[in-house]
Amino acid sequence: MVVGGGAIGLACAWRCAQAGMSVLVLEREAPGAGASGVAAGMLAPVTEASFGEEALLALNLEARAAWPGFAAELEEATALPTGYLDSGALVVAADRDDAEELRRLHAFQVELGLGAEWLTPSAAREREPALSPRIAGAIHAPQDGQADPRAVVRALAAGLVAAGGELRTGVEAVGLETAGGRVGGVQVVPAGAADGAEREVVPATSVLIAAGAWSSAGEIGSDPFAPPVRPVKGQLLDLRVRPGRRPPARHLIRTPRCYLLTRPDGQVVLGATQEEQGFDRTVTADGVYRLLEAAWEVLPDAGELELVGARAGLRPATPDNAPAVGAGDVEGLLWATGHHRNGIVLAPLTAAAIAARLSGREPPAAFAPFGPDRFAGGVAA
Ligand code: GLY
């Protein structure tokens, strides 16, 4: 059984159902109602590489490499699109301060052998003519790409059902059923039920918690290995290329303050803020203003796009901002959460890891540093 119908939970469920397991996914709202429905879909380990996070980078790179096969297989199994695109990425310096920062990032990328190339402003504008003449340079990361998370969630839900799995929405997992030191199922109530509502026990021999920012809330998080997950708010704008106008860019465009993805159908996603605001999902004027300003600095034409809407979601983050994937303390309990900024890129590899564990095989070695047990003993979120 899987608690959570986002990209991570559904990808794990799909792989397990394909492996012949009997799988039920419990989802409080609708598939992708959490972070997956707000994620932009960056498959961008090189662009998002951070100093001191080399093990996470290795994991993200391996997951990125799994994407072409994962997307092709999912599209073939469901006849639904995933929006997977080998777009490459440009990390653009809006000014000389940015260029200093990005030069350091580029040196780090080169040191790690990532094959990222420094571009002069004119070379960057040859690749993306809509970039501002004021930019101060860019990093070209040809390996990075993108997918459409909402399309991916739709395809995964369809793939799960086609593989014999089941998805139950409108139920909230509120407790674990254990007997003799092992998992026996999950206690659920109707979503939104008052405290103290009668609990139904849904039996299961294995339970995977993949409930994003809600993974360690309440009784579900009472497992000693429960990763202390906190919500990290991200606001994002939905824009659209107007009829007769050119798309703003072909590559994924990143700056130190925003990123912009252009989909082949003319939809443009501009993200994302990163805010520690608890479980607040309000779209704020400040968030919208800052994102538009950040995009406009490097792509002035972004201001001409149609504004379709804005969304806010909650990334699930652990204290070290890396995922927690693996066995819990109670036998039969597993965790796949804490994917923070990397949930979409990590979905294929996380699913492979969980399916491997439940089939008695070794999960990918790149997950070794990222077991939930690293938080045992209590680390404050
Ligand atoms: N991966 C981009 C974000 O979390 O905003």
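Scroll up to find the structure this text is about.
(A) How the structure looks around the sheet that holds strand β11 (residues 200-203). One open sheet accounts for 3 strands, arranged β9-β10-β11; its pairing is antiparallel. Edge strands, defined here as strands with exactly one partner in the open sheet, are β9 (171-179) and β11. Within this sheet the neighbouring strands show an average axis-to-axis angle of 35°, counted without direction. Bridge count between strand β10 (residues 182-190) and β11: 4 bridges; the pairing is antiparallel. In the strand pairing of β11, Val186 is matched with Val202.

(B) Region of interest: the nonpolar core. One finds Leu59, Trp67, Leu156, Leu208 and Ile354 to be the most contacted residues of the largest nonpolar core, which totals 46 residues. Not counting the four nearest positions on each side in its chain, Ile354 is found in contact with Cys12, Cys16, Leu208, Val325, Leu334, Trp335 and Ala336.

(C) Structural context of the pattern of salt bridges. Enumeration over the complete set of coordinates arrives at 20 salt bridges. In this structure, Asp148 and Arg263 form a salt bridge, with 3.8 Å as the shortest nitrogen-oxygen distance. Remark: Arg263 occurs in the loop between β15 (259-262) and β16 (267-271) and Asp148 occurs in the loop between β7 (145-146) and α5 (149-162); sequence separation between them is 115 residues. Here Asp148 matches Arg263 in class, with each residue buried. Of the charged contacts in the structure, one is a salt bridge between Asp238 and Arg311, with a shortest N-O distance of 2.7 Å. With Asp238 in strand β13 (residues 230-240) and Arg311 in strand β17 (residues 306-317), this residue pair connects regions lying 73 residues apart in the sequence. The residues Asp238 and Arg311 share a single accessibility class, namely buried. Here the salt bridges share partners, and the residues they tie into one network are Glu48, Arg254 and Arg341.

(D) Representation of the sheet that holds strand β4 (residues 89-92). The 8 strands are arranged β5-β6-β4-β14-β15-β16-β13-β17 in an open sheet whose pairing can be described as mixed. The outermost strands of the open sheet, each flanked by one partner alone, are β5 (117-119) and β17. Taken pair by pair, the neighbouring strands of this sheet meet at an average axis angle of 20°, ignoring direction. Of the pairings in the sheet, the one linking strand β14 (residues 252-254) to β15 comprises 2 bridges and is antiparallel in character. Its bridge partner being in β15, Ile253 is matched across the sheet by Leu260. Along the sheet, helix α3 (residues 96-111) contacts β4, β5 and β6 (138-141); its crossing angle with β5, the most-contacted strand, is approximately 160°.

Calculation rules
Residues numbered from 1 in each chain as written. Predicted model: local features only at pLDDT ≥ 70, side-chain atom pairs only at ≥ 80, totals over all residues. Heavy atoms only, no water. Pairing = 2+ DSSP bridges. Helix = DSSP H or I, 4+ residues; strand = E, 2+ residues; numbered from the N terminus. Axes fitted to C-alpha atoms, helices over the stretch in contact; angles between N-to-C directions. Core = buried A, V, L, I, M, F, W, Y, C linked by side-chain atoms within 4.5 Å. Buried < 20%, exposed > 50% of the residue type's maximum accessible area, 1.4 Å probe, protein only. Contact = heavy atoms within 4.5 Å. Salt bridge = Lys/Arg side-chain N within 4 Å of Asp/Glu carboxyl O.

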